[in-house]
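Inside the fold
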Amino acid sequence: MTHSARLSVALCTLTLALLLPGSLVSQQPADSTAPAADDLPTLLDRYDRAVQEAHDLEARLEPIRQEAVESSDRLRRAGDALREELLAAYDEHDPGHAERMARAEQIAEEAHAAYEAGDFDRMQELEREAEEIRGRLAEAQATVFARPDITKLVEGYQLQLMARMSEIDAEAPRLLDELDRINGKIEEIETRLRALLATSGR
């Protein structure tokens, strides 16, 4: 993946929460096995630390993004137009999309509570529900972002945003690249967690 492409992926992560209700993350094909050395507490600890790293980077990038949008009427109008087009596209493709997004956020909270309580049966139950929702969301995302009109709008907005953020802070490209790396780590750990839960005898 080229440097520009990686930055574009990271910009998607940073801005889709603004453009859509809830967060939307592309799903990578799941590996069918988990390494023997994996155990649930270790993976969950690695996951928590990676998520915290991502949050820290997003916290550093958000003021830059916000200043970029607030300082440019053109960029703000482009973001508003993109938001409206994306919401309309998702509603057209899947009228229940917003409800599924909201449920995905609830599942994350419930899974954390189940882990804290040591209820691994409940964790597996929630993972099955989450897997179904992930499949629906990934299918909707693939369909919507395959539309040439949506692709053109997203790429145009990302280029404008990246350029303005770089003008405000020269560190922005490096931070976006690091955010993309951490998000890749999070996806890898999620894949291993799903494999571990699927094969666990708990």
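Definitions and cut-offs
Residues numbered from 1 in each chain as written. Predicted model: local features only at pLDDT ≥ 70, side-chain atom pairs only at ≥ 80, totals over all residues. Heavy atoms only, no water. Core = buried A, V, L, I, M, F, W, Y, C linked by side-chain atoms within 4.5 Å. Buried < 20%, exposed > 50% of the residue type's maximum accessible area, 1.4 Å probe, protein only. Helix = DSSP H or I, 4+ residues; strand = E, 2+ residues; numbered from the N terminus. Contact = heavy atoms within 4.5 Å. pLDDT = per-residue confidence, 0-100.

Looking now at the nonpolar core. With 35 residues, the main nonpolar core has L40, L61, Y157, L161 and M165 as its most contacted residues. Mapped by element, the contributors of at least two residues to this core are α2 (40–70), α3 (73–93), α5 (120–145), α6 (148–168) and α7 (172–199). Counting six residues, the second largest nonpolar core, distinct from the first, contains M101, I107, L126 and A130.

Another aspect to go through is the side chain of R103. Structurally, R103 can be placed in helix α4 (residues 97–116). On the basis of relative accessibility, which here comes to 19%, the residue R103 falls in the buried class. If near-sequence neighbours (up to four positions away) are discounted, R103 is found in contact with E110, R122, L126, E129 and I133.

To continue, consider the confidence of the model for the chain. Scored by pLDDT, the chain comes out at a mean of 79, with 80% of its residues at no less than 70. In this model, residues 1–36 is a region of pLDDT below 50 whose contacts with residues beyond four sequence positions or in other chains number 78 contacts.

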